[in-house]
Amino acid sequence: MNLFKKAKPDSLVEMFEKTIEYFENGKGKLSREEYTEAKVFLPDEVDEICSKEFETANNEKKCCFSVSNDDSYTAARKLAEKYKENRVLVLNFANPVNIGGGVEFGARAQEEDLCRKSSLFLSISGKDAENYYTYNRSLETFLGSDAIIISPNVEIIKDENGNMLENSVNVAVMTCAAPYIRDGLEGLTQQEYEEMFYSRIVKMLKIAYYLNYRVFVLGAWGCGAFYNDASLVSDLFYKAFGELEQNGINFRHIEFAILSRSKEQYNYKEFARNFENCSTDEKENRIKGCLIGGAVGDALGYAIEFYSENRIFAKYGESGITEYELDSYSNKALVSDDTQMSMFTANGVIVCDTIQAEQGITKKPREIVADSYLDWMFTQEHGYSEREKKESRVSWLLDVPEMFSQRAPGLTCMSALEDLKSKGKTENYLAYKRNNSKGCGGVMRVAPLGCRFDENIKKLDEEGAQLAAITHSNPLGYMPGAVLVHIIQRAVFDRKNDTLKDIVIDAINTVCGVFENDENTAVLKELINLAIELSENSDTDLNNIHRLGDGWVGDEALAMAIYCALRYHNDFSKGIIAAVNHKGDSDSTGAVTGNILGAWLGFDSIDDKWKKNLELFDVILELADDLSNGCSDGIDEKWKKKYIDMQR
């Protein structure tokens, strides 16, 4: 199977020429006069405007700041959809003397990218913008000036991969140059340079505010080819917004679009430090916590999965199992099929994103994850030495010998995957009824999907249900997958000021809305609400868990995990211990509880004793790292081998 048939993309010069041709041929939404409109503010006029008394906005909501690993237009398109009543303003990291920088020669900086994907070049190259370049050229300096161009009518027609958008988006663009310091500060002291840069930032923001732009896409301005340091520029922006807020100047939404292609993601992290509550490091910590936490709960519970409660407490004491039961051969805490399948879920999600990055082809995770599950099934039916017999694969995990260990694979999963193998994939697994199973084999493996950011959380929730429905066709088998994915997504990426309880309530309400026509939502919601209620009482864990079920089916396993996670939302160890010490499906309830608490508390909050001797620990961490960092920074040889060649 070849998932990576290479398309032949236009060269960057061709892309630009086709964009200009598109507008010259009158295919855009606006007239040529509108596209070429530009307003130049030379430094004297900028100073005059900035000295005025501004109408303050003390009655407005506090500005929302966000940081995304996106290009400027991708961020702008998202904000335009969110704030339909506001024209989004985008900062163009301008070359002060060359119109469009090197776009006509295929240069790759931010300004060139904007010109290739929109009508911007028509504005900044038109007669209205001429004074901006004439003035800057007269200065004979690389440090630029405070001069600004406002292009009020810029139509974005291409997406991040250079493909034509189905629906174009209109924005405004501010063109302003940061100091170019690659060849030094031209005699300025460091303090003078910083004061100049800070003043330019403040003036730029004031002009935007004066012109009634309240939604503004900024970025690592001048931190690429212009050689300004992202740490300093981030701090200067932070200081500027603080000063403006004190004076009653308040924007509605500021997004720093920092498309970071380096492995270190230095620019992104420096702006996230000041403007994003959840930095890249925190997100990575939570994603690692989710995957490792699930494996920890699984391994703790796997040792007693089929034990009665009498046997558990007779063997381990009144507290039940509280430490790993190590395998006598490997000296490891063994994981079950729950963790194995979760790993194949993660692998499939990453391959899906790699196809998007490599080919520009958008695929739904279910398309690739279904194949990934067939790879897992192969490991349960064959030995490691037979892996070359598999004609096609989407998983480098087949090169990990430990993955070929049989860990009591669920009969429903195996039979459903045999059916998938013989009949092929389908577009909609919710509609295709393979069986009527509501077993927990669907929910216990889908958490990695929640570690993949998606601004449309309802769409992500439904995809979580689709992944579970690949093997479990009863709504109470697949809807819990949607709820879990929602909880993980919010815990990792979008906490706001909510508690874990708030997120759980949001998850069940949202999923019930997604499946509003399914009568089973009432059953699921009632059970989840009971779990929330029980988590706040003073009864014993065992009595409360008995009221929720045994965990062999999806809705019960999820409810039991939610109960344990809410009851012990500040203590990972107590949460998973409570989750496994019962007569039901201990490894699955432990795994889902570990997923939730790991995402909520983070990897660093998991006690070291759980990380030691955990089977496949390094491989799971490797998957978590790949899921965290993605391939937005480019596809290197190591990534290509794993997610294109499918080999370790």
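Just above sits the structure.
Reading guide: rules and limits
- Residues numbered from 1 in each chain as written.
- Predicted model: local features only at pLDDT ≥ 70, side-chain atom pairs only at ≥ 80, totals over all residues.
- Heavy atoms only, no water.
- Buried < 20%, exposed > 50% of the residue type's maximum accessible area, 1.4 Å probe, protein only.
- Helix = DSSP H or I, 4+ residues; strand = E, 2+ residues; numbered from the N terminus.
- Polar contact = N/O pair within 3.5 Å; in protein donor to acceptor, adjacent residues only side chain to side chain.
- Axes fitted to C-alpha atoms, helices over the stretch in contact; angles between N-to-C directions.
- Parallel < 35°, antiparallel > 145°, perpendicular 65-115°, else oblique.
- Contact = heavy atoms within 4.5 Å.
- Nonpolar A, V, L, I, M, F, W, Y, C, P; charged D, E, K, R; others polar.
- Pairing = 2+ DSSP bridges.
- Salt bridge = Lys/Arg side-chain N within 4 Å of Asp/Glu carboxyl O.

1. Brief notes about helix α4 (residues 72–82)
Right, on to step 1. The buried fraction of α4 is high, at eight of 11 residues.
Right, on to step 2. For α4, the set of buried residues is S72, Y73, T74, A75, A76, R77, L79 and A80.
Right, on to step 3. The backbone nitrogen of Y73 has a side-chain oxygen 3.1 Å away, supplied by the residue at the start of α4, namely D71.

2. Comments concerning the packing of helix α18 (residues 475–493) against helix α22 (residues 554–567)
Right, on to step 1. In the contact formed by α18 and α22, the axes pass within 7 Å of each other and the chain directions differ by 30°. Relative to α22, α18 is oriented roughly parallel. Packed against α18, whose contacting residues are L476, P480, V483, L484 and I487, the element α22 presents G554, D555, L558 and I562 at the interface.
Right, on to step 2. By residue class, the composition of the contact of α18 with α22 is seven nonpolar, one polar and one charged.

3. As for the sheet that holds strand β5 (residues 164–176)
Right, on to step 1. Taken in spatial order, the seven strands of this open sheet run β1-β4-β5-β3-β6-β7-β2, and their pairing is mixed. Edge positions in the sheet fall to β1 (39–41) and β2 (64–68), since each has one partner strand and no second. With strand direction ignored, the average angle separating the axes of adjacent strands in the sheet is 30°.
Right, on to step 2. Bridging between β1 and strand β4 (residues 148–158) involves three bridges; their strand directions are antiparallel. Pairing of V40 across the sheet is with I149, part of β4.

4. As for the pattern of salt bridges
Right, on to step 1. Tallying each qualifying case throughout the model produces 40 salt bridges.
Right, on to step 2. The partner of E427 in a salt bridge is K364, and the shortest N-O contact between them spans 2.7 Å. With a gap of 63 residues between them, E427 in the loop between α15 (411–423) and α16 (447–450) and K364 in the loop between α13 (337–359) and α14 (365–381) connect regions that are remote in the sequence.
Right, on to step 3. Look at E427 and you get partly exposed, because its relative accessible area is 47%.
Right, on to step 4. A cluster of three or more residues bridged by salt bridges with shared partners is formed by D47, D146, R200 and K203.

5. Topic: the environment of R407
Right, on to step 1. Locating R407 in the fold gives a position in the loop between α14 and α15.
Right, on to step 2. For the pair R407 and K283, spaced 124 residues apart in sequence, the C-alpha to C-alpha distance is 31 Å.
Right, on to step 3. When near neighbours in sequence (up to four residues on either side) are disregarded, R407 contacts Y302, L334, V335, S336, D337, Q340, Q380 and E615.
Right, on to step 4. A polar side-chain atom of R407 sits 2.9 Å from the main-chain carbonyl oxygen of V335.
Right, on to step 5. At 2.7 Å, the side chain of R407 forms a polar contact with the side chain of E615.

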